[in-house]
Amino acid sequence: QVQLVESGGGLVQPGGSLRLSCAASGSISSIVTMGWYRQAPDQQRELVAAISSTGTTNYADSVKGRFTISRDSVKNTVYLQMNSLKPEDMAVYYCKAVRREGPGIFRDYWGQGTQVTVAS
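*Asks:* Sorry, what's going on with the overall build of the protein here?
*Replies:* The number of helices and strands found in the protein is 0 helices and 11 strands. Along the protein, from the amino end to the carboxyl end, the secondary structure elements read β-β-β-β-β-β-β-β-β-β-β. Taken over the C-alpha trace, the protein has a radius of gyration of 14 Å; the compact-globule value for 120 residues is 14 Å, and the two agree within 12%. Each principal axis of the C-alpha atoms in the protein carries an extent, and together these give about 50 × 30 × 25 Å.

In structure tokens, the structure reads:
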């Protein structure tokens, strides 16, 4: 089992910045990827950014150049630095971890979500 606890959401003005944190605990040794997803009202949950155990990153086109995902392996924490925030970035942001449970078996773990509100 993996537990994920997100923090760092809140209210920010357009053009502002926020940093989200996702602390992982439990059986974290076989986590292969961690990422951030977001879900706006009446929208599907979408990938924002992800980082693999080898450090490879990928981003949604809508956030490239504005958001940066990083990780601190000592603290078992993944961060999402969000700059130049836009109203369309407003959503509940979820942390996700993918853990290898066995040969060819992977399981997703989700955090509880943190609200990001972008408004004047």
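*Asks:* Would you mind going over the state of the cysteines with me for this structure?
*Replies:* One covalent bond between the sulfur atoms of two cysteine residues makes up a disulfide. Applying the stated criterion across every chain, the model contains 1 disulfide. Through a disulfide, Cys22 is tied to Cys95; the S-S separation comes to 2.0 Å. Here the S-S torsion is close to -80°, and the disulfide linking Cys22 with Cys95 is therefore left-handed. Taken together, the positions of Cys22 in strand β3 (residues 18-26) and Cys95 in strand β9 (residues 91-102) put the pair 73 residues apart, joining distant regions of the chain.

*Asks:* I keep staring at the side chain of Arg66 and nothing clicks. Help me out?
*Replies:* Here Arg66 shows up in the loop between β6 (57-59) and β7 (67-72). The exposure class assigned to Arg66 is buried, which follows from its relative accessible area of 11%.

*Asks:* I tried to follow the side chain of Lys96 on my own but got confused; where do I start?
*Replies:* Along the chain, Lys96 turns up in strand β9. Residue Lys96 is classed as buried on the basis of its relative accessible area, which comes to 13%. At 3.3 Å, the side chain of Lys96 forms a polar contact with the side chain of Tyr37.

*Asks:* How should I be thinking about the sheet that holds β3 in this particular structure?
*Replies:* Two modes of strand pairing occur in sheets, parallel and antiparallel, and in both the strands are linked by backbone hydrogen bonds. With respect to topology, 4 strands assemble into an open sheet ordered β1-β3-β8-β7, the strand pairing being antiparallel. The open sheet has two edge strands, β1 (2-7) and β7, and neither has a second partner. With strand direction ignored, the average angle separating the axes of adjacent strands in the sheet is 15°. Alignment of β3 against strand β8 (residues 77-82), held across 6 bridges, turns out to be antiparallel. Residue pairing across strands places Arg19 opposite Gln81, the latter belonging to β8.

*Asks:* Would you mind showing me how to read the nonpolar core here?
*Replies:* A general tendency of soluble globular proteins is for nonpolar side chains to be buried together. Core analysis: the largest hydrophobic core is formed by 28 residues, its most contacted members being Leu4, Met34, Trp36, Leu80, Met82 and Tyr93. Those residues within four positions of Leu80 in sequence are excluded, and the remaining contacts are Leu18, Arg19, Leu20, Trp36, Val48, Ala49, Phe67, Thr68, Ile69 and Tyr93.

*Asks:* Can you walk me through the pairing of β7 in this structure?
*Replies:* For a regular strand, side chains alternate in direction, first toward one face of the sheet and then toward the other. The pairing of β7 with β8 spans 6 bridges and is classified as antiparallel. In the strand pairing of β8, Arg71 is matched with Val78.

*Asks:* What is the right way to look at the packing of aromatic side chains in this model?
*Replies:* Each pair of aromatic rings is reported with the distance of its centres and the angle of its planes. Applying the stated criterion across every chain yields a total of 2 aromatic pairs. Here the aromatic rings of Tyr37 and Trp110 are separated by 5.1 Å at their centres, their planes lie at 70°, and the arrangement is edge-to-face. Taken as a pair, Tyr37 in strand β4 (residues 31-39) and Trp110 in strand β10 (residues 105-110) lie far apart in primary sequence, 73 residues in all. Classification of Trp110 as partly exposed rests on a relative accessible area of 35%. Between Tyr94 and Trp110, the ring centres sit 6.4 Å apart and the planes meet at 85°, which makes this aromatic pair edge-to-face. One end of the pair, Tyr94, is in strand β9; the other, Trp110, is in strand β10, and 16 residues separate them in sequence.

The rules behind the values
- Counting starts from 1 at the beginning of each chain's written sequence and moves along it residue by residue.
- The predicted nature of this model means local features are confined to residues of pLDDT at least 70 and side-chain atom pairs, given and counted, to a pLDDT of 80 or more, with totals for whole chains, interfaces and linings taken over all residues.
- For side-chain calculations, the full set of non-hydrogen atoms in the structure is used, while hydrogens and water are omitted.
- Secondary structure elements are defined from DSSP: runs of H or I of at least 4 residues count as helices, runs of E of at least 2 residues count as strands, and each element is numbered from the N terminus.
- C-alpha atoms define the radius of gyration in this analysis, and the globule rule sets the expected value at 2.2 Å times the number of residues to the power 0.38.
- When two cysteine sulfur atoms lie within 2.5 Å, the pair is treated as a disulfide.
- To sort residues, take the accessible area from a 1.4 Å probe on protein chains only and compare it with the maximum for the residue type: under 20% means buried, over 50% means exposed, and anything in between is partly exposed.
- Polar contacts here mean pairs of N or O atoms no more than 3.5 Å apart (in protein, one a potential hydrogen donor and the other a potential acceptor; neighbouring residues in sequence count only if both atoms are side-chain atoms).
- Here a strand pair is declared whenever DSSP counts at least two bridges between the two strands.
- Each axis is a line fitted through C-alpha atoms, taken for helices only over the stretch in contact, and angles between the N-to-C directions span 0 to 180 degrees.
- What we call a nonpolar core is a set of buried Ala, Val, Leu, Ile, Met, Phe, Trp, Tyr and Cys residues that are connected through their side-chain atoms within 4.5 Å.
- Throughout, a contact is declared for two residues whenever any of their heavy atoms are within 4.5 Å.
- Note on aromatic contacts: the rings of Phe and Tyr and the six-membered ring of Trp form a pair at centre separations within 6.5 Å, being stacked when their planes are under 30 degrees apart, edge-to-face when over 60 apart, and tilted otherwise.

Keep in mind that these numbers describe shape and distance, not what the molecule does.
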